[in-house]
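So the chains spell out like this:
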Amino acid sequence: MSHLVYIPQDIEKVGKRFLVEKGYKIKVGSDLSQKILMEEIKGCDAVLTRSTAVINREVITAAENLKVIAKYGVGLDNIDIEAATERGIYVTNTPEANANSVAEHVMALILSLSKNLSLADKELRSGNFAIRNQLFGMDLEGKTLGIIGLGRIGRILAKKASKGFDMKVIGYDPYVTASTNSELEIATDLEWVFRNSDVISLHLPLTKTTKGIIGCREFSWMKPSAYFVNASRGGVVKEADLVNALQAGEIAGAGIDVFEVEPPEKWNPLFKLDNVIVSPHNAALTKEGSIRMAVHAAMQVEQVLSG
Ligand code: NAD
């Protein structure tokens, strides 16, 4: 009997085609509520999940045949790894598939912020051409980018910012002590990085130890002219502290792709601030990145199911 792969949230055709050609049956989900996930996952051998479906202990328990949870993407924070491990279920992700897409998106956020593009666009559309004399952007050349988390995305970003935009790049990561990139200076003191950067960008995972680690203390270290960018996970930052720092002028602006609660509420205070640019957690979702994530995740399902 052929194995059944459950895909709670649809993915690119090419990933599904790969599985069908290998002889697997696929079931695309209808809703991401826990109740439906628990019903639909029953009898499935694999689940190929994006970040919105929460594959928690209850969902895993309902899946009596489950052998692999393949994440389309990097962050595993929507999967109860402990519950999966107890049952001997493999958990995989697609770390190489979207790192460049995220790093490019972060450069777009940094460029938008430093050139006030979001506000300029809004004002011009409402007839305010004179805004050109009030919105003085910031050159990136010679400025310092502080990268928190020097994994795949952080390191690609370091290269783009230094080689492409002549920025000085400093980075902090408790697990990285020596730089393999000549363009990247490693710092051992988080405060020093926050104090000396013109742009701070977060690239660390959301775990029990990183939850809420960036808050009012860290924002108070930043220069009032500095920008803050987060395309890692919303839960790493205390969002209310970020809003306070922006409102108080403690920092110049923020580029935010990820939120403490997703989807964010319509009345999220960040949406009211002109010095904030937001995107709907789509940093990884370029056409190329999405195809790579779908294919890599499908290949990992096949690797496990084919033994
Ligand atoms: P990675 O695992 O390659 O790198 C993460 C780095 O963070 C590691 O080097 C680790 O040592 C470091 N780190 C851990 N704790 C830290 C701390 N307290 N301070 C500083 N550094 C710390 O992961 P990656 O592929 O570079 O991705 C980073 C994160 O970006 C992922 O965990 C994921 O949550 C997020 N992400 C977001 C999107 C998006 O669409 N916005 C897409 C992909 C990944």
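In what follows, the structure referred to is the one given above.
From a predicted model like this one, the values you see are computed outputs, not experimental measurements. (Residues numbered from 1 in each chain as written. Predicted model: local features only at pLDDT ≥ 70, side-chain atom pairs only at ≥ 80, totals over all residues. Heavy atoms only, no water.)

A.B. asks: Outline the pairing of strand E4 (residues 68-71), supporting the account with residue identities and numerical values.
C.D. replies: Residues of E4 alternate between two faces, with Val68 and Ala70 on one and Ile69 and Lys71 on the opposite face, all of them buried. Judged from the four bridges that link them, strand E3 (residues 46-49) and E4 form a sheet pairing that is parallel. Along E4, the bridge assignment pairs Ala46 with Val68. Direction of pairing for E4 relative to strand E5 (residues 90-92): parallel, over a ladder of three bridges. Directly across from Val68, in E5, lies its bridge partner Tyr90. Traced from E4 through helix H4 (residues 81-86) to E5, the parallel crossover comes out right-handed. (Buried < 20%, exposed > 50% of the residue type's maximum accessible area, 1.4 Å probe, protein only. Helix = DSSP H or I, 4+ residues; strand = E, 2+ residues; numbered from the N terminus. Pairing = 2+ DSSP bridges. Right-handed = clockwise from strand over helix to strand, strands pointing away.)

A.B. asks: I'd like a rundown of the sheet that holds strand E1 (residues 4-7), residues and numbers included.
C.D. replies: With respect to topology, five strands assemble into an open sheet ordered E2-E1-E3-E4-E5, the strand pairing being parallel. In this open sheet, the two edge strands, each paired with only one partner strand, are strand E2 (25-28) and E5. Taking each pair of neighbouring strands and ignoring which way they run, the sheet shows an average axis angle of 20 degrees. On the sheet, helix H1 (residues 13-21) packs against E1, E2 and E3 and is oriented at approximately 145 degrees with respect to E2. Across the sheet, helix H11 (residues 287-305) is in contact with E1, E3, E4 and E5; its angle to E4 comes to roughly 165 degrees. (Axes fitted to C-alpha atoms, helices over the stretch in contact; angles between N-to-C directions. Contact = heavy atoms within 4.5 Å.)

A.B. asks: Provide a residue-level description of the site of the ligand, including the pertinent values.
C.D. replies: Arg152, Ile153, Asp173, Tyr175 and Asp257 are the nearest of the 27 residues found near the ligand. Within the side chain of Asp173, one N or O atom sits 2.6 Å away from an oxygen atom of the ligand. Per-class residue counts for the shell around the ligand are 15 nonpolar, eight polar and four charged. (Near = heavy atom within 4 Å. Polar contact = N/O pair within 3.5 Å; in protein donor to acceptor, adjacent residues only side chain to side chain. Nonpolar A, V, L, I, M, F, W, Y, C, P; charged D, E, K, R; others polar.)

A.B. asks: Summarise the nonpolar core; cite the residues concerned and give the values.
C.D. replies: Grouped together as the largest cluster of nonpolar side chains are 43 residues, with contacts concentrated most on Val5, Leu48, Ile110, Leu145 and Val301. Of all the secondary-structure elements, those providing two or more residues to this core are E1, E3, E4, helix H5 (99-114), strand E6 (144-148), helix H7 (152-165), strand E10 (227-230) and H11. Those residues in contact with Val301 that lie beyond four places of it in its chain are Val5, Leu19, Ala46, Leu48, Val68 and Ala70. One finds Ile214, Val243, Phe259 and Leu270 within the second-largest nonpolar core, a separate group that totals 28 residues. (Core = buried A, V, L, I, M, F, W, Y, C linked by side-chain atoms within 4.5 Å.)

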